[in-house]
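# Structure assessment
Listed below, chain by chain, are the residues.
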Amino acid sequence: MINILLNELNVYDAEFLKKKTNGAYLIGPDELYVRDKETNKPLVWDSKANKAKVFNDPTIGDYALLGEYTVNGVKCHPSFQLLKDHVKQYTAEAAEKVSTVPAKTIRRIAEEYAEAASIGTTIEIEGEKLPLRPVACIMFRGGQGHTNSAHSYVAMCILNAIVGAMDVPGGTLGWPAYVGGHPDTGRFKVIPFPCKDGLLTAGTFMEHGPWPLHPAKVPEDMLLKELVPTASFSPHPMTSDFPKYWENMGHPYDIEAAIIFGSNMIRSSQNREIVEVFWKKVPFTVSFNILPNEFAEGFADIVLPDCHPLEAYCLFSSHGPFFNHPIGMEGWCFPIRQPVVKAAYERRNKVEALWDLADRIGMRDEMNNYYNVYFSSFGGEALISGDISSARGAAAIDPKKVTKLIKPGEKISYSEMMDRVFKFYFGEKNDLKYISEHGSIDWKKQVKEAYWRWYVDVRIPIYLEHLAELKPEIMKNAKTIGVDLDWEQFTPLTSFFTAQVAKEETSEFDLYSFSYRDILHNGTYTMEFPWLDEVSRMNPYTYNITMNADTAKQKGLKDGDLICLESSYGRKITGYLKTMQGMHPKCIAIAACSGGWAKGAPIAYGKGTNFNILLESDFKHACPVCWSQETATTVKVYKIDHRIEYDGVGGKPQ
Amino acid sequence: MRWGMAIELKRCIGCYACVLACKAEHFLPPNIFWNRVLIGEKGKYPAVTKLIYSVRCNHCADPACVKACPTGATHQREDGIVVVDEDKCVGCRYCMVACPYQARSFYEDGHGAQTEYYPGQGLTEHEKIGKTLYPHEPGTVQKCVFCKERIDAGLAQGLKPGVDRDASPACMNICPTKAIHFGDLDDPYSDINRLIKEKKGHPFHAEFDTQPSIYYID
């Protein structure tokens, strides 16, 4: 579609590309920005002055997006020109061969997209004149879950960027990225800002900040993340190839104890045998949990009963504005989760339990300071980049920037902490009592918050120069610990790479198997909720394996058959077949994260099929750039007489 | 006055929130549903349409169940809502056979029926509250009542069913896509009548000829 827009329809939002992306930045033959020798800033070509200038020079008459220039003695091009030329290879006909979507359909959608984008039109909202771009292109876990994740995602972003449909009316809004703060205090503030090379840095982020990039290093811990700074979440150390790299690194340490909060990674991440190899080596594991799930039963030495969400206050379920706060002009609304029943048995709020543990190991001061840094980060300056920054990282923050909501050594309850936080964010009158009675703190959203892109002087990359910059260092470091990645993907121009799953298709393993988010479930816990179980049984798809009806017929299969899916890695799962026409003939799918086997979760036991068992987990099955795991696998399918994945785990599945 | 419902099929995403809201509102026991979601498809790959129908008692103007009931337990209120008087119901289930929409359930407590949502672990707090607030009579037939308690209480407070949440059915309130509309079918100027007229609402299986009060909009 990018190719059709740029090279067949000649449709793009030049204004957006010039001022909101790095499309005008000049690229040299080394794939890197041509930089100003004095300031080291990227250069652009001013087509009015007919000379190169740094990208944010206020005297620029107009930015050149196309053409070839000679600057600093080298031939160079605006990155947009390179992108435009690069995508010519991706014709609709080529895409049809890969995707099976007819070229005619791809062209029709591209033409409709280009027309609907209404480039050049504006809209006035509350007196503010803004671009109107009523198209959006969104990708979530399905597209991201392959070894070509980063480039696929970037392509999708570029599709929005080239028509200027980012954070403007009608366009994709993503998560609320700009919160100007509560009108009474100016706090609970999150604002994106320009950083290295004028590119956007998020006001807050759930993981380590994506920009500016951390330097590439030889990794020192089990996550290995320092190896590839563009990676976000790491599948390591629970991968089948991790032990090899760990030994190559000299086996720096062993984990002596681990505390896990509510997760169920033996069921919800990759193949359970791979996960088991890691966890059975950890001598002491504590699980905070609301029920004895597969992880707790399999690995926890101690299970500390956490409160159910309906039994306790929770500040953090809705804290991050990037996640579930209103988008568009819908007003700001800060909710909390409140208890509706008393905590049963000996369940405790896990934060209060952690404070007790911190007292015993002398970490109360560090923990209090962590919370102070965390909350201060929403007080006007982003001090830490995300929810999971460490207490040690928080200790390195300049104390002058930190508001001490909790004093060193002070012992307070969770609700007292919430009360102080609300007063800090929203003023004295908007305390916990107020929010408990009113459900949320509400305030009006400004136009520049809802549609912030043109109000903040930030750019996003349509040319990933940093990949070219990082590549040599990552390659060098990877070699030292024996890691080999698909180095071709470290290219600045978004490209198509065949996903690992497609490389594994054979005449024997001929179907593509994947899991998908069922509308009734989230994670693994909801499977133990009997109301949801009732309606799941009512739903024809939730607990069944679905495949195209004609494909099933060709394979001699019919509705209700107990079938086995076997991957080329010899991994097998079973379940009951439900055929449908609304599925690609090459695919076979499983809903949600079902197929529970924990005896402590009897409602979920044996319901559905645990797709994750099929997955391989290693560097070969991860996107080399962002480390998303390959979440599809090729399988062969056949009838079977019993549910073999329950052999040896006890009980009798339904 | 005749209460009715209009359901926009293109808005319905098959999330079952209507089913679950009904469960919560009426403290329905295990395996009892006053509404359901029917899911299917028509066509052949790649031209396939997914079909999703949120169904419940149609509160027909000419209800077959009322005619079939030998004791008068099943009767129709003046506002068109068809209800079952548990004190008069003898559990013969003729009404279940007569209803062409299979919208009725027989409630058994004991006799092998599941009585707790967590079998063997006793009743949850919610189930205990339900035994007091909304007790169900074992051995009787149950069905959707259009949340008549909410309508009656709302009207007493001067609220308008279909507009004010506290006077409207739970399934309508919960619907995240606002696919379910509620109002007075006898009022030619009501929003629901306008919607049915403008968007050509039609009953589910009109050939059953019972004059349902629920309309579906394609």
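Residues numbered from 1 in each chain as written. Chains lettered and ligands numbered in written order. Predicted model: local features only at pLDDT ≥ 70, side-chain atom pairs only at ≥ 80, totals over all residues. Heavy atoms only, no water.

Moving on, we come to the overall build of chain B. Secondary structure summary: chain B contains 7 helices and 9 strands in total. Relative to the globule expectation of 17 Å for 218 residues, the C-alpha radius of gyration of chain B, 18 Å, shows essentially globular dimensions. Expressed along its principal axes, the backbone C-alpha trace of chain B runs to roughly 50 × 45 × 35 Å. Within chain B, the proportion of its 218 residues that are buried is 49%. Residue pairs at least 24 apart in sequence account for 60% of intrachain contacts in chain B once pairs closer than 6 positions are excluded. Surface exposure of chain B reaches about 10,900 Å², of which carbon and sulfur atoms provide 53%. Averaging the locations of the 26 positively and 27 negatively charged side chains of chain B gives two centres separated by 7 Å. (Helix = DSSP H or I, 4+ residues; strand = E, 2+ residues; numbered from the N terminus. Rg over C-alpha atoms; globule rule 2.2 N^0.38 Å. Buried < 20%, exposed > 50% of the residue type's maximum accessible area, 1.4 Å probe, protein only. Contact = heavy atoms within 4.5 Å. Areas by Shrake-Rupley, 256 points an atom, 1.4 Å probe, with all protein chains shown as cover. Lys, Arg positive; Asp, Glu negative; His and termini not counted. Charge placed at Lys NZ, Arg CZ, Asp CG, Glu CD.)

Counting its regular elements, chain A contains 22 helices and 20 strands. The globule rule puts the C-alpha radius of gyration for 654 residues at 26 Å, and the 26 Å found for chain A is close to it. The dimensions of chain A, computed from C-alpha atoms along their principal axes, are 75 × 70 × 55 Å. Here chain A holds 654 residues, and 53% of them are scored as buried. Look at the contacts in chain A between residues 6 or more apart in sequence, and 68% of them connect residues 24 or more apart. Carbon and sulfur atoms form 54% of the exposed surface of chain A, whose accessible area is close to 28,700 Å². Between the averaged position of the 71 positive side-chain charges in chain A and that of its 81 negative side-chain charges there is a distance of 1 Å.

This part takes up the domain arrangement of chain A. All names here are of chain A. Along its sequence, chain A is organised into domain 1 (1-166) and domain 2 (175-212 + 313-345 + 362-457). Using C-alpha coordinates to define each centre, domain 1 is positioned 34 Å away from domain 2. Facing the 16 residues of domain 1 at the interface are 13 residues of domain 2. Counting the surface lost from both domain 1 and domain 2, the interface buries some 1,300 Å², and carbon and sulfur atoms represent 62% of this. Counting the surface domain 1 buries against domain 2, the share from its top three residues, Lys20, Glu126 and Leu130, is 36%. On inspection of domain 1 and its partner domain 2, the count reaches 2 salt bridges. Across the pair Glu126 and Lys444 runs a salt bridge whose closest N-O atoms are separated by 2.8 Å. Along the contact surface separating domain 1 from domain 2 lie 6 residue pairs in polar contact (both at pLDDT 80 or more). Elements with a contribution of two residues or more to the side of domain 1 that touches domain 2: α2 (14-20) and β7 (128-131). (Domains from an automatic or database assignment. Buried area = accessible area lost by both parts, 1.4 Å probe. Salt bridge = Lys/Arg side-chain N within 4 Å of Asp/Glu carboxyl O. Polar contact = N/O pair within 3.5 Å; in protein donor to acceptor, adjacent residues only side chain to side chain.)

Residues and elements named next belong to chain A. In space, the 3 strands of this open sheet follow the order β1-β5-β4, with antiparallel pairing throughout. Whereas interior strands pair on both sides, the edge strands pair on one side only; in this sheet they are β1 (26-27) and β4 (69-71). Of the pairings in the sheet, the one linking β1 to strand β5 (residues 74-78) comprises 2 bridges and is antiparallel in character. Residue pairing across strands places Leu26 opposite Pro78, the latter belonging to β5. (Pairing = 2+ DSSP bridges.)

Here the focus is the nonpolar core. Counting residues in each nonpolar core, the largest one holds 85 residues, and the members touching the most others are Ile162 and Trp279 of chain A. Sorting elements by how many residues they give to this core places helix α7 (residues 149-161) of chain A first, with 6 residues. Core analysis: the second largest hydrophobic core is formed by 56 residues, Trp531 and Tyr541 of chain A together with Cys99 and Ile151 of chain B among them. (Core = buried A, V, L, I, M, F, W, Y, C linked by side-chain atoms within 4.5 Å.)

Let's shift gears to the packing of helix α21 (residues 530-538) of chain A against helix α1 (residues 17-26) of chain B. It is the contact of α21 of chain A with α1 of chain B, at a shortest axis distance of 11 Å, that shows an interaxial angle of 135°. In terms of axis orientation, α21 of chain A runs oblique to α1 of chain B. For α21 of chain A against α1 of chain B, the interelement crossing comes out right-handed. Counted together, Trp531, Leu532, Glu534 and Val535 of chain A of α21 of chain A and Val19, Leu20, Lys23 and Ala24 of chain B of α1 of chain B form the full contact between these two elements. (Axes fitted to C-alpha atoms, helices over the stretch in contact; angles between N-to-C directions. Parallel < 35°, antiparallel > 145°, perpendicular 65-115°, else oblique. Left-handed = near helix turned anticlockwise from the far one by under 90°.)

The next point concerns the interface of chain A and chain B. Tallying the contact residues gives 24 residues for chain A and 27 residues for chain B. When chain A packs against chain B, the two sides together hide about 2,000 Å² of surface, and 66% of this comes from carbon and sulfur. Across the contact surface, chain A and chain B share 2 salt bridges. Between Lys23 of chain B and Glu534 of chain A there is a salt bridge, and its shortest N-O distance comes to 2.8 Å. Where chain A meets chain B, there are 10 residue pairs in polar contact (both at pLDDT 80 or more). Among the elements that make up the side of chain A that touches chain B, the one with the highest residue count is α21 of chain A (7 residues). The residue inventory of the side of chain A that touches chain B, partitioned by class, reads 15 nonpolar, 5 polar and 4 charged. (Nonpolar A, V, L, I, M, F, W, Y, C, P; charged D, E, K, R; others polar.)

What follows concerns the sheet that holds strand β11 (residues 284-289) of chain A. All names here are of chain A. Taken in spatial order, the 3 strands of this open sheet run β10-β11-β12, and their pairing is parallel. The sheet terminates laterally at β10 (257-261) and β12 (302-305), the two strands that pair on one side only. Between one strand axis and the next, the sheet turns by 15° as a mean value, whatever way the strands run. Judged from the 4 bridges that link them, β11 and β12 form a sheet pairing that is parallel. Note that in β12 the partner of Val286 across the bridge is Ile302.

What follows deals with the packing of aromatic side chains. This model, assessed by the stated rule, comprises 47 aromatic pairs over all chains. Here Phe378 of chain A and Tyr425 of chain A contribute two aromatic rings whose centre-to-centre distance is 6.2 Å and whose plane-to-plane angle is 70°, an arrangement assigned as edge-to-face. In this pair, Phe378 of chain A sits in the loop between α14 (364-376) and α15 (391-395) while Tyr425 of chain A sits in helix α16 (residues 414-426), placing the two residues 47 residues apart along the sequence. The same class applies to Phe378 of chain A and to Tyr425 of chain A, which are both buried. Measuring from centroid to centroid gives 6.5 Å for Trp531 of chain A and Tyr117 of chain B, while their planes differ by 80°, and the two rings are edge-to-face. Of the two residues, Trp531 of chain A sits in helix α21 while Tyr117 of chain B sits in the loop between β6 (105-107) and α4 (125-133), which places them in two different chains. A cation over an aromatic ring shows up here: Lys445 of chain A above the ring of Trp332 of chain A, its NZ or CZ 4.2 Å from the ring centre. (Phe/Tyr/Trp six-rings, centres within 6.5 Å; stacked < 30°, edge-to-face > 60°. Lys NZ or Arg CZ within 6 Å of the ring centre and 35° of its normal.)

If you walk through the whole model with that rule in mind, you get 0 disulfides over all chains. Between Cys333 of chain A, a free cysteine, and Cys314 of chain A, which holds the nearest cysteine sulfur, the sulfur-to-sulfur gap is 15 Å. No disulfide involves Cys22 of chain B; its sulfur sits 6.4 Å from the nearest other cysteine sulfur, which is in Cys147 of chain B. (Disulfide = S-S within 2.5 Å.)

We now examine the environment of Val228 of chain A. Residues and elements named next belong to chain A. In this structure, Val228 sits in the loop between β9 (200-201) and α8 (242-248). Accessibility expressed as a relative area gives 0% for Val228, which makes it buried. In the structure, Val228 is positioned 192 residues away from Arg420 in sequence and 39 Å away in space, judged by C-alpha atoms. The residues touching Val228, leaving out its near neighbours within four places in the chain, are Ile474, Leu485, Phe490, Pro624, Val625 and Trp627.

All names here are of chain B. The residue Tyr215 is located in strand β9 (residues 214-217) in this model. When the C-alpha positions of Tyr215 and Glu198 are compared, they lie 12 Å apart, and in sequence the two are 17 residues distant. Excluding residues within four positions of it along the chain, Tyr215 makes contact with Met5, Ala6, Ile7, Leu185, Ile196, Gly201, His202 and Pro203.

For the rest of this paragraph, the subject is the side chain of Asp241 of chain A. Residues and elements named next belong to chain A. For Asp241, the position within the fold is in the loop between β9 and α8. Buried within the structure, Asp241 lacks any salt-bridge partner; its nearest side chain of opposite charge belongs to Lys244, at an N-O separation of 5.7 Å. Within polar-contact distance, the side chain of Asp241 engages the backbone nitrogen of Phe619 at 3.0 Å.

To continue, consider the packing of helix α4 (residues 92-99) of chain A against helix α5 (residues 103-116) of chain A. Residue and element names in this part refer to chain A. Where α4 meets α5, the axes come as close as 8 Å, and the angle between the chain directions of the two elements is 120°. Classed by the angle they form, the pair α4 and α5 counts as oblique. Judged by the twist between their axes, the crossing of α4 over α5 is right-handed. Mapping the contact onto sequence places Ala92, Glu93, Ala95 and Glu96 in α4 and Ala103, Ile106 and Arg107 in α5. Its residues assigned to classes, the contact of α4 with α5 comprises 4 nonpolar, no polar and 3 charged.

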